[in-house]
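Here is how the chains run, residue by residue.
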Amino acid sequence: MNLRQRPDPHLTELIRKLRARPLSSREYGDPSRTLRQGLNELASLAASARGVSPHVVPDIGHHALADQFAVLIQDADDAGVPTEELAQLVARISSSVGLSEL
């Protein structure tokens, strides 16, 4: 994953797959809850990099999860989170919601 390259082809494919297969259609666990937890981790990582208090990412529905994921990844990158740390978190979140086949 090369987050400095815009658009990042790996991230673009990840978001495309997330949009193509909504989490509400998954047959195992509760991936939307898992992704929401990951969104909050991304927000906390960005806040920490900026030296501010983290905030809770609002739940605005299943349809917005892919966009929130993309925006928060970009926000963490813009905040200066080290690329390797961010890539590891994105990979862990992706795997936990069944997108590890990338």
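A.B. asks: Whenever I open this one, the overall build of the protein confuses me. Can you help?
C.D. replies: Looking only at helices and strands, one finds 4 helices and 0 strands in the protein. The N-to-C order of helical and strand elements in the protein reads α-α-α-α. Here the protein holds 102 residues, and 40% of them are scored as buried. Considering only contacts in the protein between residues 6 or more positions apart, those separated by 24 or more positions represent 74%. Carbon and sulfur atoms form 53% of the exposed surface of the protein, whose accessible area is close to 5700 Å².

A.B. asks: Can you walk me through the environment of Ala79 in this structure?
C.D. replies: Relative to the helices and strands, Ala79 is located in the loop between helix 3 (65-78) and helix 4 (83-96). Separated by 34 residues in the primary sequence, Ala79 and Leu45 have C-alpha atoms spaced 8.8 Å apart. In this structure, Ala79 is in contact with Ala46, Ala49 and Arg50, ignoring residues within four places of it in sequence.

A.B. asks: Could you clarify how one ought to interpret the nonpolar core in this entry?
C.D. replies: A general feature of soluble globular proteins is that nonpolar side chains tend to end up buried together. Ranked by size, the top nonpolar core spans 24 residues in total, and within it Leu35, Leu39, Leu42, Phe69 and Leu86 carry the most contacts. Listed by contribution, the elements that provide at least two residues to this core are helix 1 (9-20), helix 2 (31-50), helix 3 and helix 4. What Leu42 contacts, discounting residues up to four positions off in sequence, is Phe69, Leu72, Ile73, Ala76, Leu86, Leu89 and Ile93.

A.B. asks: Which parts of the structure should I look at to understand the environment of Leu89?
C.D. replies: Secondary-structure assignment places Leu89 in helix 4. On a C-alpha basis, the gap between Leu89 and Leu45 in space is 9.6 Å, while along the polypeptide they are 44 residues apart. The residues contacting Leu89, other than those within four sequence positions of it, are Glu41, Leu42 and Leu45.

A.B. asks: Even after reading the chapter, I still don't get the pattern of salt bridges, so can you show me in this structure?
C.D. replies: Should the charged atoms of two oppositely charged side chains come close, the side chains can pair. Per the counting criterion, the structure on display carries 3 salt bridges. Residues Arg36 and Asp59 are paired through a salt bridge, measuring 2.8 Å at the closest nitrogen-oxygen approach. Pair noted here: Arg36 is in helix 2 and Asp59 is in the loop between helix 2 and helix 3, with a separation of 23 residues, a long-range link. Classification of Asp59 by relative accessible area gives exposed; the value is 53%. Notably, a salt bridge pairs Arg50 with Asp75, separated by 2.8 Å at the nearest N-O pair.

A.B. asks: Teacher, can you tell me more about the environment of Asp59 here?
C.D. replies: Sequence spacing of Asp59 and Arg36 is 23 residues, and the spatial spacing of their C-alpha atoms is 7.7 Å. In terms of polar contacts, Asp59 uses its side chain to reach the side chain of Arg36, at 2.8 Å.

Basis of the calculations
Residues numbered from 1 in each chain as written. Predicted model: local features only at pLDDT ≥ 70, side-chain atom pairs only at ≥ 80, totals over all residues. Heavy atoms only, no water. Helix = DSSP H or I, 4+ residues; strand = E, 2+ residues; numbered from the N terminus. Buried < 20%, exposed > 50% of the residue type's maximum accessible area, 1.4 Å probe, protein only. Contact = heavy atoms within 4.5 Å. Areas by Shrake-Rupley, 256 points an atom, 1.4 Å probe, with all protein chains shown as cover. Core = buried A, V, L, I, M, F, W, Y, C linked by side-chain atoms within 4.5 Å. Salt bridge = Lys/Arg side-chain N within 4 Å of Asp/Glu carboxyl O. Polar contact = N/O pair within 3.5 Å; in protein donor to acceptor, adjacent residues only side chain to side chain.

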